Amino acid sequence: MHYVCRGVHRRDRGDLRPARPAATGGGTAVTQNIIGLVLALGVAVFMIAALLFPERF
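Residues numbered from 1 in each chain as written. Predicted model: local features only at pLDDT ≥ 70, side-chain atom pairs only at ≥ 80, totals over all residues. Heavy atoms only, no water.

**Considering the overall build of the chain**
The criterion, for reference: Helix numbers and strand numbers start at the N terminus; a helix is a DSSP run of H or I with at least 4 residues, a strand a run of E with at least 2. Here's how the labels work: a residue is buried when its accessible area is under 20% of the maximum for its type, exposed when over 50%, partly exposed in between, all with a 1.4 Å probe on protein chains only. Here the open area of atoms and residues is found with the Shrake-Rupley method and a 1.4 Å probe, where only the protein chains shown may cover a residue.
The helix and strand tally for the chain stands at one helix and zero strands. The buried share of the chain, reckoned over its 57 residues, is 4%. Summed over all atoms, the accessible surface of the chain reaches about 5600 Å², with 65% contributed by carbon and sulfur.

**Side note on a nonpolar patch on the surface**
Selection rule: Patch members must show over 30% relative accessible area and no salt bridge, and they are joined within 9 Å when carrying like charges or within 5 Å when they are nonpolar side chains of Val, Leu, Ile, Met, Phe, Trp or Tyr. When a carboxyl oxygen of Asp or Glu is within 4 Å of a side-chain nitrogen of Lys or Arg, the pair counts as a salt bridge.
On the surface, a nonpolar cluster with roughly 740 Å² of combined accessible area is contributed by Val43, Phe46, Met47, Ile48, Leu52, Phe53 and Phe57. Assignment of secondary structure puts Leu52 in helix H1 (residues 27–52). The exposure class of Leu52 is exposed, given its relative accessible area of 59%.

**Regarding the UniProt feature "transmembrane region" (unreviewed entry) in the chain**
Selection criterion: UniProt positions are given in the numbering used here, feature names are shortened, and annotations may be inferred rather than shown by experiment.
Residues annotated by UniProt as "transmembrane region" (unreviewed entry) correspond here to residues 34–53. In residues 34–53, the share of helix is 95% and the share of strand is 0%. The end C-alpha atoms are 28 Å apart.

**Thoughts on the packing of aromatic side chains**
Using the following cut-off: For Phe, Tyr and Trp, rings pair up if their centres lie within 6.5 Å, where Trp contributes its six-membered ring, and each pair is then called stacked (planes under 30 degrees apart), edge-to-face (over 60) or tilted (otherwise). Here, over-ring charges are defined by two tests on the NZ atom of lysine or the CZ atom of arginine: distance to the ring centre within 6 Å, and angle to the ring normal within 35 degrees.
In total, this model carries zero aromatic pairs according to the counting rule given. Above the ring of Phe53, the side-chain terminus of Arg56 is found at 5.3 Å from the ring centroid.

Put into structure tokens, the structure is as follows:
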């Protein structure tokens, strides 16, 4: 079976936006996610330490 619309996923039936050819410009989002992950882990470690040793905080 030949599909008429190029660049559009088959399940979309052509009524949605076309698929992106390549992921471009995603470097800033990845960097922000890594920074957020590091900050979240730091806060989690701080909270666990505060629960285990409340007299130091």
